[in-house]
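Secondary and tertiary structure notes
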Amino acid sequence: MTAVPQRYVALIPAAGVGARMAAASPKQYLPLAGKPMLRHTLQAFLDCAAIAQVYVVVSAADDYIGDVVADCAGRVTVLRCGGATRMESIRNGLRALDAAPHDRILVHDAARPGLTPALIDKLIAEAGANPAGGLLALRVVDTVKSTRAGRVETTPRDGLWLAQTPQMFPYELLLRALEQAPDPEAITDDASAVEMLGLSPQLVEGHPRNLKVTLPADIGIATMYLTSEHP
Ligand SMILES: Nc1ccn([C@@H]2O[C@H](COP(=O)(O)OP(=O)(O)OP(=O)(O)O)[C@@H](O)[C@H]2O)c(=O)n1
Ligand SMILES: C[C@](O)(CO)[C@H](O)COP(=O)(O)O
């Protein structure tokens, strides 16, 4: 029996309110280098030949998305099933999208507009065949301090990484991991749900340009990367 080739499908959670950004509109629609942030994020997948379909999860009341995807007919599907948390939005999106069990789902934050087709291709090349999936991540390069004990302590940084997105997993595995998670509050990213099943997703070196735009200061940094000549 010939193996059915796996497809690569993007799922972009874009139903947040951007509370930490404290802007007039949800941060994923703020203008960056002349375009809404989400359009930059979408374009990275639209410019990546490996991506078969892009799904965007927005809130039911979202009235920004129409203008952002007006010229993306066919490649982008809008799912109005955003939830109260990022993980709920992703789980709702997984239940709504069309994919085969072995297709790879690349979950990517709308708030990471610095992603490039080259980074997507790198993740697919290095982790696309891994049954435990994989994600872009950056090694920690600064000394890490913790105040959890009520005082300042230094945490050894060897072996520490900062998770980025896309986080890519077989469709069946990711949906099962999110639905079976014993403590949904403990899941801050998709990989942690898969880790709770005892699997170890592959870490693939990402790039600082793929930062999550979270605080006002991140707008200038993201704009610098989006307008820079350097890849
Ligand atoms: N209920 C939610 C919350 C977040 N997200 C998405 O998940 C991504 C990463 O989340 P985060 O950076 O925390 O975005 P917000 O939740 O909007 O930010 P804040 O926590 O400051 O409100 C964003 O693209 C956001 O739109 C989502 O789809 N649904
Ligand atoms: C998924 C993520 O971007 C990986 O670093 C991060 O966990 C999202 O955190 P947020 O608080 O939902 O922005």
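Residues numbered from 1 in each chain as written. Chains lettered and ligands numbered in written order. Predicted model: local features only at pLDDT ≥ 70, side-chain atom pairs only at ≥ 80, totals over all residues. Heavy atoms only, no water.

**Some thoughts on the pairing of strand E4 (residues 51-57)**
- The buried fraction of E4 amounts to six of the seven residues, a majority that puts the element mostly inside the structure.
- As judged from the six bridges shared by strand E1 (residues 8-13) and E4, these two strands associate in the parallel manner. By the bridge assignment for E4, Tyr-8 is matched with Ile-51.
- In this structure, E4 lies alongside strand E5 (residues 76-79), joined through four bridges in parallel fashion. If you follow Val-57 over to E5, its bridge partner there is Leu-79. (Buried < 20%, exposed > 50% of the residue type's maximum accessible area, 1.4 Å probe, protein only. Helix = DSSP H or I, 4+ residues; strand = E, 2+ residues; numbered from the N terminus. Pairing = 2+ DSSP bridges.)

**Looking at the UniProt feature "site: Positions MEP for the nucleophilic attack" (unreviewed entry) in the protein**
- Mapped onto this structure's residue numbering, the UniProt feature "site: Positions MEP for the nucleophilic attack" (unreviewed entry) falls at Arg-157 and Lys-212.
- Inspection of the secondary structure assignment puts Arg-157 in the loop between strand E9 (153-155) and strand E10 (161-170).
- Note on Arg-157: relative accessible area 38%, which makes it partly exposed.
- Not counting chain neighbours up to four residues away, the residues in contact with Arg-157 comprise Val-140, Val-141, Asp-142, Thr-143 and Val-144.
- A distance of 2.9 Å separates a polar atom in the side chain of Arg-157 from the backbone oxygen of Val-141.
- Here Lys-212 is to be found in the loop between strand E11 (202-205) and helix H7 (216-227).
- At a separation of 2.8 Å, a polar atom in the side chain of Lys-212 contacts the side chain of Thr-214. (UniProt positions renumbered as here; feature names shortened; annotations may be inferred. Contact = heavy atoms within 4.5 Å. Polar contact = N/O pair within 3.5 Å; in protein donor to acceptor, adjacent residues only side chain to side chain.)

**Some remarks on the site of ligand 2**
- Taken together, Arg-20, Arg-86, Asp-109, Arg-112, Ala-163, Thr-165, Thr-188, Asp-189 and Lys-212 make up the full set of residues adjacent to ligand 2.
- With respect to ligand 2, the side chain of Asp-109 contributes an N or O atom lying 2.6 Å from an oxygen atom.
- Within the backbone of Ala-163, an N or O atom sits 2.7 Å from an oxygen atom of ligand 2.
- For ligand 2, whose free accessible area comes to 360 Å², the fraction covered by protein is 72%. (Near = heavy atom within 4 Å. Areas by Shrake-Rupley, 256 points an atom, 1.4 Å probe, with all protein chains shown as cover.)

**Remarks on the confidence of the model for the protein**
- Put simply, the protein has an average pLDDT of 95, and 97% of its residues get 70 or more.
- Among the prediction metrics, the complex's ipTM stands at 0.99, with pTM recorded as 0.97. (pLDDT = per-residue confidence, 0-100.)

**Notes on the side chain of Asp-103**
- In this structure, Asp-103 sits in the loop between helix H3 (86-96) and strand E6 (104-107).
- The buried category is assigned to Asp-103, whose relative accessible area is 3%.
- One polar contact links the side chain of Asp-103 to the main-chain amide nitrogen of Ala-100, over a distance of 2.8 Å.

**Points about the UniProt feature "site: Transition state stabilizer" (unreviewed entry) in the protein**
- UniProt annotation of "site: Transition state stabilizer" (unreviewed entry) refers to Arg-20 and Lys-27 when read in the numbering used here.
- By the element assignment, Arg-20 lies in the loop between E1 and strand E2 (31-32).
- On the basis of relative accessibility, which here comes to 57%, the residue Arg-20 falls in the exposed class.
- With respect to the helices, strands and loops of the structure, Lys-27 is situated in the loop between E1 and E2.
- Once you skip the residues sitting within four places of it in the chain, Lys-27 turns out to touch Val-17, Gly-18, Met-21, Met-37, Ala-111, Val-213 and Thr-214.

**What to know about the sheet that holds E5**
- Spatially, E5-E4-E1-E6-E10-E7-E11 is the arrangement adopted by the seven strands of the open sheet, whose pairing is mixed. Bordering the open sheet on either side are E5 and E11, each of which pairs with just one other strand. Within the sheet, the average angular offset between the axes of one strand and its neighbour, ignoring direction, is 30 degrees.
- In this fold helix H5 (residues 171-180) packs onto E6 and E10, with an angle of close to 115 degrees to the strand it touches most, E10. (Axes fitted to C-alpha atoms, helices over the stretch in contact; angles between N-to-C directions.)

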